Amino acid sequence: MAEKQTHSFQAEVSQLLDLMIHSLYSNKEIFLRELVSNASDAVDKLKFASLSNDTLIEGKENLQIHIDIDKKANTITVTDNGIGMSESEVNKLIGTIANSGTKKFLKGLNEKQTQDSNLIGQFGVGFYSAFIVADKVELVTRKAGTKGKKGTKWTSTGKGKYSIENVDCPDFGTSVILHIKKDEKEFLDDNRLRGIINKYSDHITVPIMMIKASEDDKEVEYETVNKANAFWTQDKQALKQEDYDDFYKSLTYDFEAPLTQLHNRVEGNLNYTSLLYIPSKAPFDMWEPKRKGGIKLYAKRVFIMEDNEELMPMYLRFIKGVIDTADLSLNVSREILQGNKVVDAIRKASVSRILKELEKMAKNQPEKYADFWKEFGMVMKEGVVEDAANKDKIAKLLRFATNKSDNATQTATLECYVKSMQKDQKSIYYITAETYESAKGSPHLEIFNQKDIEVLLLSDRVDEWMVSNFGEFEGIGFKSIAKGDLEDLDSVEEKEAKEKVAKNFEKVIEKMQKVLDAQVKEIKVSSRLSESPSCLVADENEMGGNMERIMKSLGQDVPDTKPILEINPTHPLVKKLKTKVDENLVHVLFDQAVLSEGGQLKDPAEFVKRMNKLIN
């Protein structure tokens with residue numbers, strides 16, 4: 001490229017820049033945190049790449065980040081001698097945002113600007129935060145290992161366009177020059193920038209250099225302004241909780257302290273150090289399909305990679321931290337990690353340690369565990385299916401709402417449920433629904449409430465999948481109260497009485513079946529109902545109504561099945577059918593059963609007409 005070329009930003013980038021330039025932000029200082037983090041990543045990448053190709057560093061052993069202030073020019077320059085970028089990479093990485101969550105990010109900025117710094121960190125769009133304090137940003141970069149000394153210069157005022165040109169660039173790496181706005185000159189102060197570095201970037205392992213104060217203006221000497229050590233290698237006995245919290249914030253860009261951390265050094269057949277954090281709040285992109293974990297892998301303090309699912313199972317994807325091992329080859333690749341015995345052993349031990357910590361928290365700090373469950377309970381339920389080896393441990397950590405709960409808060413454990421089971425109870429009973437209120441009000445619960453039998457009320461979206469794959473807990477199976485028969489709840493006398501009633505309704509049911517033949521598989525007298533006139537029941541081996549709705553909402557094909565309609569012979573509406581089998585009443589009983597389980601009527605207007613006829 002011989003001449004400067006001007007390009008337009010991707011539409012979402014333009015929208016993002018407009019928000020950053022014209023909105024009021026609660027933490028303007030985070031621009032430096034983001035630029036320093038990007039520079040640190042670039043240095044880490046070069047260190048890793050140079051392991052297999054030492055010519056990349058061009059004889060420069062000291063890989064550092066420099067921050068320079070020029071008060072006369074009103075500029076701050078952040079320079080690293082990291083991996084650098086080629087012209088095509090500049091176009092790809094700076095001109096667009098390749099992130100499926102960007103729209104959500106933009107929406108988040110509009111709705112909650114006070115959380116902007118946290119959002120920026122989560123979505124990796126930190127480079128653009130430079131425009132919070134700068135009215136013009138220049139980026140000069142050269143890819144390490146590039147033949148010749150030609151680099152790329154990127155320039156933008158953040159107003160929809162940017163320019164790119166080739167420039168002479170003797171050194172590899174990247175420099176970002178911020179032309180500071182007139183009303184943001186507080187950031188041209190040396191002590192102000194040092195304070196920001198100390199707050200956010202003190203534990204970054206790359207040295208951050210700034211000019212040392214000197215009485216002789218002609219003498220320029222740089223000094224390291226961050227600790228630049230591997231925090232996790234320090235003796236945990238010498239560390240305070242405040243130290244752990246500060247490192248967590250610098251590692252994750254989270255402004256809230258973590259819920260807890262696990263710091264372990266293992267020596268023996270396997271040598272590694274792990275520092276794992278359980279956050280206090282769930283990231284709002286936790287359910288993004290492409291979201292990965294937050295563990296950084298180091299080999300002998302050399303950064304290798306992050307977000308690799310081999311290091312932590314998906315149901316623990318909220319865990320943040322660092323794993324550093326001396327037993328992993330420095331030339332390891334993502335592909336080599338798959339099936340690597342060292343990684344497998346570390347992962348197994350880390351998962352076990354996390355589950356033990358959660359078990360201890362649940363026992364000794366129930367209020368703290370309740371906070372954890374509120375944030376991460378749904379994702380923990382995935383572990384029952386995903387992690388067969390630890391299924392029993394995970395099962396004991398689960399919490400549920402039941403028909404004996406006062407509200408939707410999930411506090412009941414399976415252990416407590418089993419201990420409180422009635423003498424002849426053979427199953428752990430549950431019902432699934434779209435909401436807690438729908439589950440709590442289900443007519444299927446009536447017989448269980450009457451007999452004081454506890455039922456798990458499952459309304460999380462993952463519950464259907466979890467419970468259908470659960471199997472057993474302490475040798476006791478799970479049974480949906482909306483499927484199959486419940487004859488085992490009745491005494492001999494109750495069964496005999498219900499059989500007599502059912503016989504008296506045989507002709508009524510025969511006529512009802514003709515009316516609803518296209519909609520139901522079977523109609524029978526219910527052993528579940530005591531207050532409601534009717535309910536729908538799925539066959540034991542068929543998909544329940546709630547699961548069917550979930551599958552349809554996901555665009556999945558669902559096999560056509562008919563439910564069983566159960567009627568309550570003691571209800572006044574059902575008793576009316578003994579005198580005359582009114583078709584309108586029969587349809588209303590079916591439609592009411594559909595509505596009571598959270599379903600939708602195919603023809604609501606017809607339902608209203610039938611109701612009006614019955615009322616009149």
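Residues numbered from 1 in each chain as written. Predicted model: local features only at pLDDT ≥ 70, side-chain atom pairs only at ≥ 80, totals over all residues. Heavy atoms only, no water.

Draft legend 1. Inspection of the overall build of the chain at higher detail. The number of helices and strands found in the chain is 21 helices and 22 strands. Counting the 616 residues in the chain, one finds 51% classified as buried. Sequence separation of 24 or more characterises 71% of the internal contacts of the chain that already satisfy a separation of 6 or more. Summed over all atoms, the accessible surface of the chain reaches about 30700 Å², with 47% contributed by carbon and sulfur. (Helix = DSSP H or I, 4+ residues; strand = E, 2+ residues; numbered from the N terminus. Buried < 20%, exposed > 50% of the residue type's maximum accessible area, 1.4 Å probe, protein only. Contact = heavy atoms within 4.5 Å. Areas by Shrake-Rupley, 256 points an atom, 1.4 Å probe, with all protein chains shown as cover.)

Draft legend 2. Representation of the pattern of salt bridges within the structure. Per the counting criterion, the structure on display carries 23 salt bridges. Taking the shortest distance from any N to any O, the salt bridge between arginine 194 and aspartate 190 comes out at 2.5 Å. With a gap of 4 residues between them, arginine 194 and aspartate 190 both fall in helix H6 (residues 190-200), about one helical turn apart. Under the relative-accessibility criterion, aspartate 190 is labelled partly exposed at 26%. The salt bridge involving arginine 528 is made with glutamate 566; its shortest N-O contact spans 3.1 Å. Within this pair, whereas arginine 528 is found in the loop between strand S20 (522-525) and strand S21 (534-537), its partner glutamate 566 is found in strand S22 (residues 564-567), the two being separated by 38 residues in sequence. Of the residues examined, glutamate 566 reaches a relative accessible area of 3% and is grouped as buried. Residues participating in the shared-partner salt-bridge network are Glu29, Glu186 and Arg192. (Salt bridge = Lys/Arg side-chain N within 4 Å of Asp/Glu carboxyl O.)

Draft legend 3. Layout of the packing of aromatic side chains. Counted by the stated rule, this structure contains 16 aromatic pairs. When the centroid spacing of 5.7 Å and the interplanar angle of 80° are considered together, the rings of phenylalanine 127 and tyrosine 128 count as edge-to-face. Summarising the burial analysis for this pair, phenylalanine 127 and tyrosine 128 share the class buried. Arranged with centres 4.6 Å apart and planes meeting at 20°, the rings of phenylalanine 231 and phenylalanine 247 form a pair that is stacked. Here phenylalanine 231, found in the loop between strand S9 (222-224) and helix H7 (241-252), pairs with phenylalanine 247, found in helix H7; they are 16 residues apart in sequence, far enough to count as distant. We note that phenylalanine 231, like phenylalanine 247, is buried. Positioned over the ring face of phenylalanine 505 is lysine 578, at 5.1 Å from the centre of the ring. (Phe/Tyr/Trp six-rings, centres within 6.5 Å; stacked < 30°, edge-to-face > 60°. Lys NZ or Arg CZ within 6 Å of the ring centre and 35° of its normal.)

Draft legend 4. Molecular detail of unusual backbone geometry. Located in the positive-phi region is asparagine 74, a residue other than glycine, with phi close to 60°. Within the fold, asparagine 74 resides in the loop between strand S2 (65-70) and strand S3 (75-80). Phi is positive for aspartate 452, which is not a glycine, with a value near 60°. As for its position among the elements, aspartate 452 is in the loop between helix H14 (446-450) and strand S17 (456-458).

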